[in-house]
Amino acid sequence: MNLSQSRYWSLLLHSVDGVSEIDDEAFFFAKDGKSNAQSELNATIEALLNETVFDDNSTACRFPARKAWLKEQLNIIDFPKTDCKEYEKVLKRLNPKSVTLVFPSAHINSPASMFGHTFLRINSAYDSKLLSYAVNYAADANPDKENAILFAIKGLFGGYFGKYSLLPYYDKLKEYRDSEQRDIWEYNLNLSEEETVRMLKHIWELNETHSYYYFFTENCSYNMLWFLEAARPEIHLREYFNNQIIPLETVHAAKAEGIIKDNFYRPSKRTTLLKYEELIKEEYQSMPLLLVDSDITHEYITLNKDIDLQQKRYILEASIELLEYRFSKSKIKKEEYLKLFHALSKARAALGGGEKIIIKTPPNPIESHQAIRVSLGGGVREGESIGFIGIRPAYHDLEDSSYGFLRGTQIEFLDFELSYSQNKAEIEKATILSIVSLAQRSDFFKNLSWRTKFGWDRNSPSEEAAFIGTVGIGLSWGNELAYVYMMTDPLFYLDEKYTSAIGGSIGLVFDKYNNMSTILEVTKRWYDSGYEQQLVNISQTLRASQNVQLKFKYDYKERSDFKIEHEENSFSIYLNYYF
């Protein structure tokens, strides 16, 4: 038996093709342990059998998963006795019984969080999951305090160390659900108590170790897969991925491996407050804001005979939620927060019970389309037949089915499409990066919308694809039927020469029904040459199944080639497949 080549030993070392992905020398006993599994195995056995310290710093206490596995495989019964007080204390505190894969959905106004995130929750015997602990892996950096471009570059190329953390689940909920406005999806896994303890032993081994963090590969979600495979070596979650690991895709992989038992949805503060906006009558909409700003007192609500009792309850409940949200965003001092929270809570309690708000569970992200898209299309452009073929490795755009995705968001990398007409192939688009965040404004949330795009497209006055760079800003409003947006987009094109322009767009998206959507956008551009251009885009999408979509498009573009102005009309139909 060659234990060094066994799958489980590779899992314990986080080894891929013979090289460990752990970059911390303290994780290895052998000098060449990172790249030599046999050498690391021999050194581990040697260290376990010849302990020099017998407390929490001993080999057995630092590496309980390695010890347990070697004891089982080699039938060793005479390991030196050690006193692992810290590990036993953590094991007792966590009381591990089962595991949940947690997916905080996208953050609508944070590019670093628009892919979502995943981490694990270790469930104990307690009924309340808030008393459980979360296992997390993230870049040791604060994107809110660093230059956004620098953060992205360093995240892409391993400029940060990744850090493991074990902390109360309640703290993670406050971070994601309350402060960052992200809905939480919890996927309970069918791991047994024995498998959960096995996983926790391996998690302990990585305590205070580090590895280089890569935004698309060795990221938060990828490192959770190692833990799940260490818990149950028979599953092969990492084999679903080659060049990129997107958080939601790891949830799809867990579903494909059959380890998801059931799920639970936790709405964010934002979702909860938007529900209160629906329930509070229009004439009272401003009152929660006035209460939190201390422009009125709670007596103005409670003693007002014109406001019915249930509306009073909703107003005070919404003001408490809004107050907590503002405190989580550090927009109010702690002393002021506590004083106002006490007053509002006391006033609400005095009004008695009442109707509990019911927040409808949105479509489950696990039922959304997957990240990689291939497209085949055909149509007519200026009376000539034309065909299209495209591929996009990641991730989602507004014309994809929004089922299971955050409304009004788009993030695409390397979207490439070719057209073929009159025995000639041309580039239709080659998008390097495109991000859109159309955050609908409301009484409680005054978000700005924005979008950016870099790559090649055919929307310039010329008929040839040209490189475009644009960053735009605007506003969006919506209801359950649809949303509208208005954007201003400064932009430039680089072809044979540099051309700049300012664009203005008005858009409308009908998305009431889960399996279809209609998008209309009209754009007017003013170029530095004095030329004015109009663009119209209309698309109708139909979700045939989770990973199959039909799309019908009409494009109108005004052109100006060599000072000859003309119009271009295109009608097309696409079949999109996601995997």
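Anyway, here's the lowdown on the structure attached to this text. (Residues numbered from 1 in each chain as written. Predicted model: local features only at pLDDT ≥ 70, side-chain atom pairs only at ≥ 80, totals over all residues. Heavy atoms only, no water.)

### Side note on the pattern of salt bridges
Then, number 1: In total, this model carries 41 salt bridges according to the counting rule given.
Then, number 2: The closest approach of N and O atoms between Arg 381 and Glu 568, which form a salt bridge, is 3.8 Å. Of this pair, Arg 381 sits in strand β10 (residues 373-381) while Glu 568 sits in strand β22 (residues 564-578); the two residues are 187 residues apart in sequence, bridging distant segments of the chain. You'll find Arg 381 and Glu 568 in the same group, each marked buried. (Salt bridge = Lys/Arg side-chain N within 4 Å of Asp/Glu carboxyl O. Helix = DSSP H or I, 4+ residues; strand = E, 2+ residues; numbered from the N terminus. Buried < 20%, exposed > 50% of the residue type's maximum accessible area, 1.4 Å probe, protein only.)

### Digging into helix α9 (residues 220-231)
Then, number 1: For α9, with twelve residues, the first-to-last C-alpha span of 18 Å sits near the 16 Å given by 1.5 Å per residue.
Then, number 2: The buried fraction of α9 amounts to twelve of the twelve residues, a majority that puts the element mostly inside the structure.
Then, number 3: Along α9, the positions that sit buried rather than exposed are Cys 220, Ser 221, Tyr 222, Asn 223, Met 224, Leu 225, Trp 226, Phe 227, Leu 228, Glu 229, Ala 230 and Ala 231.
Then, number 4: N-cap assignment for α9: the residue whose side-chain oxygen lies 3.3 Å from the backbone N of Ser 221 is Asn 219. (Expected span 1.5 Å × (residues − 1). Polar contact = N/O pair within 3.5 Å; in protein donor to acceptor, adjacent residues only side chain to side chain.)

### Notes on a nonpolar patch on the surface
Then, number 1: Where nonpolar side chains cluster on the molecular surface, the patch consists of Ile 391, Leu 414, Phe 416, Ile 427, Ile 432, Phe 454, Trp 456 and Val 471 and spans about 690 Å² of accessible area.
Then, number 2: At the level of secondary structure, the elements contributing two or more residues to the nonpolar patch comprise β13 (409-421), β14 (424-437) and β15 (449-457).
Then, number 3: Mapped onto the elements of the fold, Val 471 is located in strand β16 (residues 466-478).
Then, number 4: Classification of Val 471 by relative accessible area gives exposed; the value is 52%. (Patch = residues over 30% accessible without salt bridge, like charges linked within 9 Å, V, L, I, M, F, W, Y side chains within 5 Å. Areas by Shrake-Rupley, 256 points an atom, 1.4 Å probe, with all protein chains shown as cover.)

### Overview of the environment of Leu 406
Then, number 1: Looking at the secondary structure, you find Leu 406 in the loop between β12 (394-396) and β13.
Then, number 2: By relative accessible area, Leu 406 is classed as partly exposed at 30%.
Then, number 3: Linking Leu 406 and Pro 363, residues 43 residues apart in sequence, is a C-alpha distance of 9.9 Å.

### Observations concerning the sheet that holds strand β7 (residues 184-189)
Strands in a sheet are paired, the pairing made by backbone hydrogen bonds, and the direction either parallel or antiparallel.
Then, number 1: Strand order in the open sheet made by the seven strands is β8-β6-β5-β4-β3-β7-β9, with antiparallel pairing throughout. At either end of the open sheet lies a strand with only one pairing partner, and these are β8 (210-213) and β9 (260-266). Each strand of the sheet is rotated relative to its neighbour by a mean of 30 degrees, with strand direction disregarded.
Then, number 2: In the sheet, strand β3 (residues 98-104) pairs with strand β4 (residues 119-123) via five bridges, with the strands oriented antiparallel. Each bridged residue has a counterpart across the sheet, and for Thr 100 the counterpart in β4 is Arg 121. (Pairing = 2+ DSSP bridges. Axes fitted to C-alpha atoms, helices over the stretch in contact; angles between N-to-C directions.)

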